[in-house]
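# Results of the structural survey
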Amino acid sequence: MASTVGSSWGLKDPSLVKTQGLIDGQWVDAQEGAKITVTNPATDEELGTVPDMGLEETKQAIEAASKAFKSWSKTTAKQRHDLLMKFYALMQENTEDLARIITLENGKGLAEAKGEHAYSASFIEWFAEEAVRTYGEVIPSPFPQIRNVVVKQPIGVVSILTPWNFPSAMITRKLGAALAAGCTAVIKPPPETPFSALALAELASRAGIPPGVINIVPTQKNVNEVGREMCQNTIVKKVSFTGSTPVAKMLYGLAASTLKKVSIEAGGNAPFIVFADGDIDAAVEGAIMCKFRGSGQTCVCANRIYVQSSVYADFASKLADRVAQFKVGNGLEEKTTHGPLIHDKAIEKVSRHVDDAVSRGAQVLIGGKRIEGPGSFYAPTVLSDVPRDALINDEETFGPVAALVKFETEEEVIKMANDTPVGLAGYFYSRDVGRVWRVAEALEVGMVGTNTGTISQAVIPFGGVKESGLGREGSHGIDEYMNTKFIAFGGL
Ligand code: SIN
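Just so we're clear, the structure is a prediction, and the values are computed from it rather than from any experiment.

Definitions and cut-offs
Residues numbered from 1 in each chain as written. Predicted model: local features only at pLDDT ≥ 70, side-chain atom pairs only at ≥ 80, totals over all residues. Heavy atoms only, no water. Helix = DSSP H or I, 4+ residues; strand = E, 2+ residues; numbered from the N terminus. Buried < 20%, exposed > 50% of the residue type's maximum accessible area, 1.4 Å probe, protein only. Lys, Arg positive; Asp, Glu negative; His and termini not counted. Salt bridge = Lys/Arg side-chain N within 4 Å of Asp/Glu carboxyl O. Contact = heavy atoms within 4.5 Å. Near = heavy atom within 4 Å. Polar contact = N/O pair within 3.5 Å; in protein donor to acceptor, adjacent residues only side chain to side chain. Areas by Shrake-Rupley, 256 points an atom, 1.4 Å probe, with all protein chains shown as cover. Nonpolar A, V, L, I, M, F, W, Y, C, P; charged D, E, K, R; others polar. Domains from an automatic or database assignment. UniProt positions renumbered as here; feature names shortened; annotations may be inferred.

Here Glu 130 shows up in helix H4 (residues 110–131). Nearest to the buried, unbridged Glu 130 among oppositely charged side chains is Arg 133, at 5.3 Å. Ignoring anything within four residues of it in the chain, the contact list for Glu 130 reads Ser 475, His 476 and Ile 478.

As structure tokens, then:
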């Protein structure tokens, strides 16, 4: 029976809205009929429901992926390239609808949702192109009768667990690589934003990607047992997760029981450093992009903004002026630049960080409070004179709060920037070429932006060091979905 969910979403093609999970090419409900209610964070209105699946459905999805792997892994790289390019073309044709779905379930403004969509599609395009370049090697042998050959083979069934802050791009970053490599997948989308995942699966199926290659198991109340199965089932050969560091550690532990290959992109606490020799106006623009993208809800968002004392006042007032120009509201409205946070729990954390900083002497230059009314809105905030012992310097805020800390010397700021257990991204502004090299090398992070607040692209090795993760996605990340096999050709 056709679902009526989505009929009021203003889509050109409402049939992109799927309200069931996907197992072995069949759209299915949860066995026990349980449902997840998905709400629009800008209005608190119900968008629709998807099934709340459990252990049994997860096992079925893994079995289906295993069955599909037998033939999908035998397709040629060129066949996979062509199918992925068809999928990419369909994503492009449906840009307006897919971006609208992102806005409805995540809240980000439509312009930003289109940006996410383009980013998302670029992973499919990139990995289609990578599929045909999974080269092996011939290694000269010290023994005359031996020839050494190395081949790459798809790893098998992959479990993919993704967050709500990029409902589309975090799926394609993993799925694109998995499919290109010849792997099949079971995806657990976040309960807050499952519709983007389901729409992508529908388009992949229209592109001709066979049943069972992509399976989707939405879940909420059974998340622990579903997650455990996705990490421990012996059929699954790899787990790829993006989300918080505590959950990453738990999943890593579960996957360790069967020594699965794991890719993890976990939390960040990015330093953003403005040296006095940097271009201050450019640094303000960089901070706007880097701090307030997704209303501050990205793992690579600046979390601690360090400004050298001689330019501190100038930077702070320019940043507050720019933030005053934001239009916060429902992402579907054209004038909106920044949408809501995902839910009230997110607001609670942001409020806790702001209240703590203020209680320790920070000044609120702008914002500093929840915006009352429907939806989970928090006013974009700039705090100055944030003391070093404020909570916000230790924990990722994941919200629209720019916390400015003053520093004097390069040595001092590097020490503060690295004083955290995580290390995903770091940014700084300086025009001194020696300093640019020194600081880029000294920051304990996986990715550095120098004189830019924007680093994310499909072509870069995305990932962190310390407790921010394992492995790299994008770029040559297809290798994470392949086994390297050595074959010695002897008896020549
Ligand atoms: C994330 O927040 O997890 C990803 C951000 C990005 O890819 O830019």
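So that's the structure; there's more coming.
On to the site of the ligand. Around the ligand, 13 residues are found, and the nearest of them are Tyr 119, Asn 165, Arg 293, Cys 299 and Ser 456. A distance of 2.9 Å separates an oxygen atom of the ligand from a polar side-chain atom of Arg 293. Surface burial for the ligand is 100%, taken as the share of its 250 Å² of free accessible area covered by protein chains. Each residue belonging to the shell around the ligand can be placed in one class, and the counts come to six nonpolar, four polar and three charged. Here the shell around the ligand spans two domains, since at least three of its residues come from each of domain 1 (1–266 + 468–486) and domain 2 (270–450).

Attention shifts here to the UniProt feature "active site" (unreviewed entry) in the chain. Sequence positions flagged by UniProt for "active site" (unreviewed entry) are, in local numbering, Glu 265. Within the fold, Glu 265 resides in strand S11 (residues 261–265). Classification of Glu 265 as buried rests on a relative accessible area of 3%. Once residues within four sequence positions are removed from consideration, Glu 265 is found in contact with Met 170, Arg 173, Phe 241, Thr 242, Gly 243, Cys 299, Leu 424, Phe 462, Ser 468 and Glu 473. A polar contact is formed between the side chain of Glu 265 and the side chain of Arg 173, at a distance of 3.3 Å.

Annotation from UniProt places "domain: Aldehyde dehydrogenase" (unreviewed entry) at residues 27–487. The span residues 27–487 shows a helical share of 39% and a strand share of 22%, and its end C-alpha atoms are spaced 42 Å apart.

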